[in-house]
Amino acid sequence: MGIPLELNYLLGKKHSKLELGFGTSLGVYRVKETTWQYEEPTPPDTEGVFEPCTSQSTHFGYFLFGDIGYRYQRDNGFLFRIGISPSFNFGDKNGLEKSAFYPYIGLGWSF
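Attention in this report is confined to the structure presented alongside it. (Residues numbered from 1 in each chain as written. Predicted model: local features only at pLDDT ≥ 70, side-chain atom pairs only at ≥ 80, totals over all residues. Heavy atoms only, no water.)

This paragraph deals with the sheet that holds strand 2 (residues 16–39). Spatial strand order, 1-2-3-4-5: five strands in an open sheet with antiparallel pairing. Taken across any chain shown, the strands that pair with only one partner, and hence form the sheet edges, are strand 1 (2–11) and strand 5 (100–110). With direction set aside, neighbouring strand axes in the sheet form an average angle of 25°. Pairing between strand 2 and strand 3 (residues 49–73): 24 bridges, direction antiparallel. Bridging across to strand 3, Gln37 finds its partner in Glu51. (Pairing = 2+ DSSP bridges. Helix = DSSP H or I, 4+ residues; strand = E, 2+ residues; numbered from the N terminus. Axes fitted to C-alpha atoms, helices over the stretch in contact; angles between N-to-C directions.)

Here it is as structure tokens:
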């Protein structure tokens, strides 16, 4: 479960705008890991065995993200937005490990 917090700023006049944003997503994340553990052979066995070892934990975590995109919005009517949202963190113990660039697209109606 995560809670996103974001600020956006629109640059431009009339209906076409450059959309810039910055935010964070704070949350509690469940991590499930499976590792393989080697078990030594016991007599009379001649070979060792690899056994799966699964662990599950819950952690507080966050990641930061930005928004860079284009927005077309009429005063009353059609709304369209498209862009890319890079995510990142500072590499500390609470930051999520994976960073990525996520594309986004939005359609709607403004009123």
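We now examine the pattern of salt bridges. Evaluation of the coordinates by the stated rule reveals two salt bridges. When the shortest N-O distance is used, the salt bridge between Arg71 and Glu19 registers 2.5 Å. Separated by 52 residues along the polypeptide, Arg71 in strand 3 and Glu19 in strand 2 bring together distant segments of the chain. With respect to burial, Arg71 and Glu19 carry one shared label: buried. Among the salt bridges present, the one from Arg81 reaches Glu19, with a minimum N-O distance of 3.1 Å. Highlighted residues: Arg81 in strand 4 (residues 77–88) and Glu19 in strand 2, separated in sequence by 62 residues. Overall, Glu19 belongs to the buried group, its relative accessible area being 0%. One connected set of salt bridges, linked through shared partners, spans Glu19, Arg71 and Arg81. (Salt bridge = Lys/Arg side-chain N within 4 Å of Asp/Glu carboxyl O. Buried < 20%, exposed > 50% of the residue type's maximum accessible area, 1.4 Å probe, protein only.)

Once that is clear, we can look at the side chain of Ser87. Topologically, Ser87 is positioned in strand 4. A residue is classified by how much of its surface remains accessible, and Ser87, at 8% relative accessible area, is buried. In contact with Ser87, not counting residues within four places along its chain, are Phe63, Leu64, Phe65, Lys98, Ser99, Ala100 and Tyr102. (Contact = heavy atoms within 4.5 Å.)

In this section: a nonpolar patch on the surface. There is a patch of nonpolar side chains on the surface, built from Tyr9, Leu11, Leu18, Leu20, Ile68, Ile84 and Phe101 and spanning about 660 Å² of accessible area. Along the chain, the position of Leu20 falls in strand 2. (Patch = residues over 30% accessible without salt bridge, like charges linked within 9 Å, V, L, I, M, F, W, Y side chains within 5 Å. Areas by Shrake-Rupley, 256 points an atom, 1.4 Å probe, with all protein chains shown as cover.)

Relative to strand 4, strand 3 runs antiparallel, the two being bridged by eight bridges. Across the sheet, Arg71 pairs through a bridge with Arg81, a residue of strand 4. The turn linking strand 3 back onto strand 4 is made up of three residues.

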